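Residue-level structure breakdown
Spelled out from the first residue to the last, the chains are:
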Amino acid sequence: MAAQVPAGPPYRSEIHPNPIVTFVTDDDFSPATYGDARDAAGVDLMGLSSAEGVRDNVAVAGGFVDEIEILGRSTDVLFHPVVRQTFRLVDDEIFVLYSFRDPRPTEIPSDELAAVLDLHAFAPDENPDEARFGDGPRPERLAIRGSEGLLFDETGSSGRLTLFWQEGRAAHVASGRVSRERLFRILRDLL
């Protein structure tokens, strides 16, 4: 898979915003201006055209180092700041876009990192609560915006679709209670 699954603790739907951004909680975010958020994250941020919706707010969760278990070994991971943009769509639905640089495990060689993290994320786990993506269904692998990505379909439980992909140096996670068709239309609209 070309998109590198970011390092992070196992997903817990009751505390994490989504199955990819498991290294911060909603309480970790503080309001920020668009420019300050972009500078903190060190990535270009995307937005929506007014035909799809308007940005309600921007928030940032700061970076830090934490110890994470990857394939049964503990390693220190540098987590970069995460930007959360919340949009109100034209029909009043909420759409959230997270953007960040990939977390960097310190003890895994760069040339092996993507393969190790992918193996870790998709490894069968006897204890689903300890699996990288939690105890929910595995994501669907698909192409999005010229990159490989992962689609988490939680429409049966929370009604939410969550899509992860990477562009350049940035990783992005889009999430909303929208139809699959609408999610992909919104993603085509991202500027």
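Residues numbered from 1 in each chain as written. Predicted model: local features only at pLDDT ≥ 70, side-chain atom pairs only at ≥ 80, totals over all residues. Heavy atoms only, no water.

**Structural notes on the sheet that holds strand 9 (residues 147-154)**
Strand pairs in the sheet, formed through backbone hydrogen bonds, run parallel or antiparallel to each other. Stated formally: Note: two strands are recorded as paired if DSSP finds a minimum of 2 bridges between them. Under the scheme used here, helices are H or I runs from DSSP no shorter than 4 residues and strands are E runs no shorter than 2 residues, and both carry numbers assigned from the N terminus. In what follows, a contact means two residues having at least one pair of non-hydrogen atoms within 4.5 Å. All axes here are fitted lines through C-alpha atoms, helices being fitted over the stretch that makes contact, and every angle between N-to-C directions spans 0 to 180 degrees.
If you trace the 8 strands from one edge of the open sheet to the other, you get 1-2-5-6-11-10-9-8, paired in antiparallel fashion. Lying at the two open borders of the sheet, with one neighbouring strand each, are strand 1 (30-31) and strand 8 (140-144). Pairing of strand 2 (residues 53-61) with strand 5 (residues 82-89), which is carried by 8 bridges, proceeds in the antiparallel orientation. Bridge pairing in strand 5 places Val60 opposite Val83. Sheet contacts for helix 3 (residues 180-189): strand 5, strand 6 (94-101), strand 8, strand 9, strand 10 (160-167) and strand 11 (170-176); angle to strand 10, the most-contacted strand, approximately 30°.

**Overview of helix 2 (residues 110-122)**
Here is the rule we go by: Expected helix span is taken as 1.5 Å per residue step, with the number of steps being one fewer than the number of residues. Burial here depends on accessible area, computed with a 1.4 Å probe over protein chains only, as a share of the maximum for the residue type. Under 20% is buried, over 50% is exposed, and the range in between is partly exposed.
For helix 2, built from 13 residues, the straight-helix expectation of 18 Å at 1.5 Å per residue is met to within 8% by its first-to-last C-alpha distance of 19 Å. Within the sequence span of helix 2, burial applies to Leu113, Val116, Leu117, Asp118, His120 and Ala121.

**Quick look at unusual backbone geometry**
Phi angles above zero are rare outside glycine, and Leu71 is one such case at about 50°. Among the structural elements, Leu71 can be located in the loop between strand 3 (64-70) and strand 4 (73-79). The phi dihedral of Arg145 falls on the positive side, at around 50°, and the residue is not glycine. With respect to the helices and strands, Arg145 occurs in the loop between strand 8 and strand 9. On the basis of relative accessible area, Arg145 is assigned to the partly exposed category, the value being 31%.

**Points about the packing of aromatic side chains**
Formally: Between 30 and 60 degrees the pair is tilted, below 30 it is stacked and above 60 it is edge-to-face, where a pair is any two Phe, Tyr or Trp rings, Trp via its six-membered ring, whose centres lie within 6.5 Å. Ring-over charges, as used throughout, are those where CZ of Arg or NZ of Lys falls within 6 Å of the ring centre and within 35 degrees of the ring normal.
Within the structure shown, the criterion is met by 7 aromatic pairs. Ring plane angle 55° and centroid distance 6.0 Å describe the contact between Phe29 and Tyr98, whose orientation is recorded as tilted. Linking Phe29 in the segment before strand 1 with Tyr98 in strand 6, this pair joins segments that are 69 residues apart in sequence. Among the residues examined, Tyr98 registers a relative accessible area of 5% and is labelled buried. Every member of this aromatic cluster is reached through a ring pair, and the members are Phe23, Phe64, Phe79 and Phe100. In this structure, Arg84 is placed above the aromatic ring of Phe29, and the distance from its NZ or CZ to the ring centre is 4.4 Å.

**Brief notes about the pattern of salt bridges**
We count it as follows: Whenever Lys or Arg places a side-chain nitrogen within 4 Å of a carboxyl oxygen from Asp or Glu, that contact is recorded as a salt bridge.
Across all of its chains, the model carries 11 salt bridges by this definition. Between Arg84 and Asp26 there is a salt bridge, with its nearest N and O atoms 3.4 Å apart. Linking Arg84 in strand 5 with Asp26 in the segment before strand 1, this pair joins segments that are 58 residues apart in sequence. Owing to a relative accessible area of 15%, Arg84 belongs among the buried residues under this scheme.

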